[in-house]
Amino acid sequence: MIRQAAIEQLPVAHPHYPGVGITISQLSGPTDDPNADWKNTVTMATGDLSWDDPATWTGALDRCPCGTGTCAKMAVLHAKGELPLNQDFRHQGILGNIYTGRLVEEARIGDRSAVVPTLTGTSWISGLNTLVLDNEDPFTEGFTPGDIWA
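Every value quoted in this text rests on a predicted model; they were computed, and no experiment measured them.

### Some remarks on the pattern of salt bridges
In total, this model carries two salt bridges according to the counting rule given. The residue Asp37 makes a salt bridge to Arg90 at a minimum N-O spacing of 2.9 Å. On the criterion of sequence distance, the pair formed by Asp37 in the loop between β1 (25-29) and β2 (38-45) and Arg90 in strand β4 (residues 89-92) is long-range, its members being 53 residues apart. Arg102 is the salt-bridge partner of Asp88, the closest N and O atoms lying 2.9 Å from each other. A residue pair is termed long-range when its members are at least 10 positions apart, and Asp88 in the loop between α2 (67-79) and β4 and Arg102 in strand β5 (residues 98-109) qualify at 14 residues. Residue classification places Asp88 among the partly exposed positions, given a relative accessible area of 40%.

### Quick look at the pairing of β5
As judged from the four bridges shared by β4 and β5, these two strands associate in the antiparallel manner. Following the sheet pairing, His91 is matched in β5 by Tyr99. Relative to strand β6 (residues 112-120), β5 is paired through nine bridges, and the arrangement is antiparallel. Considered in β6, the bridge of Leu103 is made with Pro117.

### Overview of the environment of Arg108
Structurally, Arg108 can be placed in strand β5. Distance from Arg108 to Thr68, taken between C-alpha atoms, is 19 Å for residues 40 residues apart in sequence. Ignoring anything within four residues of it in the chain, the contact list for Arg108 reads Ser113 and Ala114. In terms of polar contacts, Arg108 uses its side chain to reach the backbone carbonyl oxygen of Asp111, at 2.5 Å. Within the local environment of Arg108, its side chain forms a polar contact with the side chain of Ser113, the two groups lying 3.0 Å apart.

About the criteria used
Residues numbered from 1 in each chain as written. Predicted model: local features only at pLDDT ≥ 70, side-chain atom pairs only at ≥ 80, totals over all residues. Heavy atoms only, no water. Salt bridge = Lys/Arg side-chain N within 4 Å of Asp/Glu carboxyl O. Helix = DSSP H or I, 4+ residues; strand = E, 2+ residues; numbered from the N terminus. Buried < 20%, exposed > 50% of the residue type's maximum accessible area, 1.4 Å probe, protein only. Pairing = 2+ DSSP bridges. Contact = heavy atoms within 4.5 Å. Polar contact = N/O pair within 3.5 Å; in protein donor to acceptor, adjacent residues only side chain to side chain.

See below:
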């Protein structure tokens, strides 16, 4: 619901990737943990939303502070003049774990200001996969719908 409300109210335009829009949302605010600077949770939709059908109001929460979300939060705080370059930013997730980010330089993307972030944190292996490429498979490099649909 949060993502859909944002899509409806906040136009998004990436200077190099037209059509990129809001895919996840972040709820954030102050923390009471002295080991963190900010607390958040990232929400993701789990299906299509219809405001008229509460059964579609479903989603999931990221258990971690979210690497992308932490970098985005640092960029916003920097743009507001609240986070200088080269200062650690400790971002706490909904379960209390913390990622530490730092903005290391300012940059430009097209005519827009940008920042370059770094990020550290702890993660755990949650699965192992084996990918196999068959020499007879015509799509070992991937495909687009135009490759297989008329």
